[in-house]
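# Coordinates in review
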Amino acid sequence: MTEPPEAPDAATDAPGRAAAAPVPPAGGPRTGALRSVTVRATVVGVIVSVLLILAIVFGSRFLENFDSALLPYAVATVFLAFGVAYRYTVWVSAPGARRLFDQGWRSFFSMTNFRQAPTALPKMIATYLGLQKFLGARSHARWAAHQLIFWGCILAALITFPLTWGWFTFTSGTGSGPGYEMRIWGFKVIGFGALNIVGWLMFHGLDIAAVLVIPGACYFLWRRMKDRGAITGQRFAYDLVPLIALIVISVTGLLLTFSSIFLHGGGYEFLAILHMVSVVFTLIYIPFGKFFHIVQRPAAVGMQLFKYTARQDQQIFGCRRCEEPIDTGPYVENLRGTMRDLSLDFDEWAEYCPRCKRVLRGSAYLSHVKKGFK
């Protein structure tokens, strides 16, 4: 969204702009609303955490298949569930996010949209969430690095979480292999040999994930050290810590494999503790740092579908001044509604393209501000 014009006086405001609303006193309605959101988010977080704990207990057959050595990871995932549920609830409580959320789900479950474009949603999930083509428009290198991190983290999560919760188990009738069985919730899914390609992939899936993540994270870390634009706005805890954490997790994970194969377990205990600490820290950090956009991103698919179906209906909104297309009519109206929800009394400016906004600001300055210096 283009920033609203900065008005030196009332003359430069959008037409019909109302007077600024008075600041509510301390402890007033705004404070009460914030307290209500906090309480609701806490309740949701506790419920989600309890549900995850129950899923761990029942999924591991009342902890029969739960590995006590993985307890720190499991506890971290419970904190992760609480943090994600808490922050997501706070996020969707904001007017802008709530409209995004509501419109997204309304478009997602709309039979009209499904009849008009039955393949639109699968394509958007594949291109917007999976392939993330919107990043390719910015830079092919950034897109490739982001894909490496994305698919590496997805692979690691699909392996780590079920193992941590005791949902996946690998058993051998002889105790030491080479024949193994993979079980999900106690039910046999597949049998494989540890010495063939399937067995190698099974036992080295996390190494493959680490090999994917390291070059992607290193690229973004290098870019944040060299790119002037990135350096200007970056924050250490928000922008650099996530990348460093990914690299530490991946490198220590690979070193565990290296220690097992080439060092006969030398330094394995130290590396295991270092790896565990880095993973636990990252899991707890996810809801409160840059990684939270991973949770937010799926909600944007519904909004993309909302805009796509409006384009299919030719509901394009033109600038009020130059008549150049801005976006779809429903999207512009949704933006105006969000601005009204936020008590931004210049929502009419959403109906102008960025160029015309600059022209109108300049004209207002010449007409109402600069004449005061004559």
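In short, a report on the structure. Keep in mind it's a predicted model, so treat the numbers as computed, not measured. (Residues numbered from 1 in each chain as written. Predicted model: local features only at pLDDT ≥ 70, side-chain atom pairs only at ≥ 80, totals over all residues. Heavy atoms only, no water.)

## Describing the overall build of the protein chain
To keep things clear, this is the line we draw: Starting at the N terminus, helices and strands are each numbered in turn, a helix being any DSSP run of H or I of at least four residues and a strand any DSSP run of E of at least two. Only protein chains enter the accessibility calculation, which uses a 1.4 Å probe. A residue is then buried if its area is under 20% of the maximum for its type, exposed if over 50%, and partly exposed in between. We call two residues contacting when some pair of their heavy atoms lies within 4.5 Å. Each accessible area is a Shrake-Rupley result for a 1.4 Å probe, and residues are judged covered by the shown protein chains and nothing else.
When helices and strands are counted, the protein chain shows 15 helices and five strands. The 374 residues of the protein chain split such that 36% are buried. Long-range contacts, defined as pairs at least 24 residues apart, comprise 61% of the intrachain contacts of the protein chain with a sequence gap of at least 6. Carbon and sulfur atoms make up 66% of the accessible area of the protein chain, which totals about 22200 Å².

## A short note on the packing of helix H2 (residues 71-93) against helix H12 (residues 268-285)
Here is the rule: The axes are straight lines fitted to the C-alpha atoms, using for helices just the contacting stretch, and the angles between their N-to-C directions are given from 0 to 180°. Roughly parallel covers angles under 35 degrees, roughly antiparallel covers those over 145, roughly perpendicular covers 65 to 115, and oblique covers all other angles. Each residue is assigned to one of three groups, with Ala, Val, Leu, Ile, Met, Phe, Trp, Tyr, Cys and Pro labelled nonpolar, Asp, Glu, Lys and Arg labelled charged, and all others, Gly among them, labelled polar.
Direction vectors running N to C along H2 and H12 enclose 10 degrees, while the axes themselves pass 8 Å from each other. The angle between the axes of H2 and H12 places the two elements in the roughly parallel class. Contacts from Pro72, Tyr73, Ala76, Thr77, Phe79 and Leu80 in H2 reach Ala272, His275, Met276, Val279, Val280, Leu283 and Ile284 in H12. The residue inventory of the contact of H2 with H12, partitioned by class, reads eleven nonpolar, two polar and no charged.

## Overview of the pattern of salt bridges
Put simply, the rule is: Any carboxyl oxygen of Asp or Glu that lies within 4 Å of a side-chain nitrogen of Lys or Arg is treated as forming a salt bridge with it.
In total, this model carries six salt bridges according to the counting rule given. Between aspartate 239 and lysine 290 there is a salt bridge, and its shortest N-O distance comes to 3.2 Å. Taken together, the residues span a long stretch of sequence, with aspartate 239 in helix H11 (residues 236-262) and lysine 290 in the loop between H12 and helix H13 (293-312) at a distance of 51 residues. Judged by its relative accessible area of 26%, lysine 290 falls in the partly exposed class. Between arginine 336 and glutamate 351 there is a salt bridge; the shortest N-O distance is 2.3 Å. Of this pair, arginine 336 sits in helix H14 (residues 329-341) while glutamate 351 sits in the loop between H14 and helix H15 (354-369), placing them 15 residues apart in sequence. Comparing arginine 336 with glutamate 351 shows no difference in burial state: the two are buried. Through salt bridges with shared partners, a single network forms among Glu181, Arg183 and Lys188.

## Observations regarding the sheet that holds strand E1 (residues 168-171)
Inclusion rule: Two strands pair if DSSP finds at least two bridges between them.
Pairing is antiparallel across the open sheet formed by three strands, whose spatial order is E1-E2-E3. Pairing within the sheet leaves two strands with one partner each, and these edge strands are E1 and strand E3 (187-193). Each strand axis lies, on average, 25 degrees off the axis of its neighbour in the sheet, ignoring direction. In the sheet, E1 pairs with strand E2 (residues 179-184) via four bridges, with the strands oriented antiparallel. In the strand pairing of E2, threonine 169 is matched with arginine 183.

## Observations regarding unusual backbone geometry
Phi at arginine 61 is positive, roughly 55 degrees, even though this residue is not glycine. One can find arginine 61 in the loop between helix H1 (29-59) and H2. A relative accessible area of 35% means that arginine 61 is categorised as partly exposed. In this model, glutamate 323 sits at a positive phi of 65 degrees, which is unusual for a non-glycine residue. Residue placement: glutamate 323 occurs in the loop between strand E4 (316-318) and strand E5 (325-328).

## Details of the packing of helix H3 (residues 95-108) against H14
This is how it is decided: Crossings are classed by handedness, with left-handed meaning an anticlockwise turn of the near helix from the far one by less than a right angle and right-handed meaning a clockwise turn.
Where H3 contacts H14, the two axes come as close as 8 Å, and the packing angle between them is 145 degrees. As for the relative orientation of H3 and H14, their crossing is right-handed in sense. Contacts between H3 and H14 involve Pro95, Gly96, Arg99 and Gln103 from the former and Asn334, Gly337, Thr338 and Asp341 from the latter. Within the contact of H3 with H14, the residues separate by chemical class into one nonpolar, five polar and two charged.

No statement about biological role is implied by the geometric values presented.
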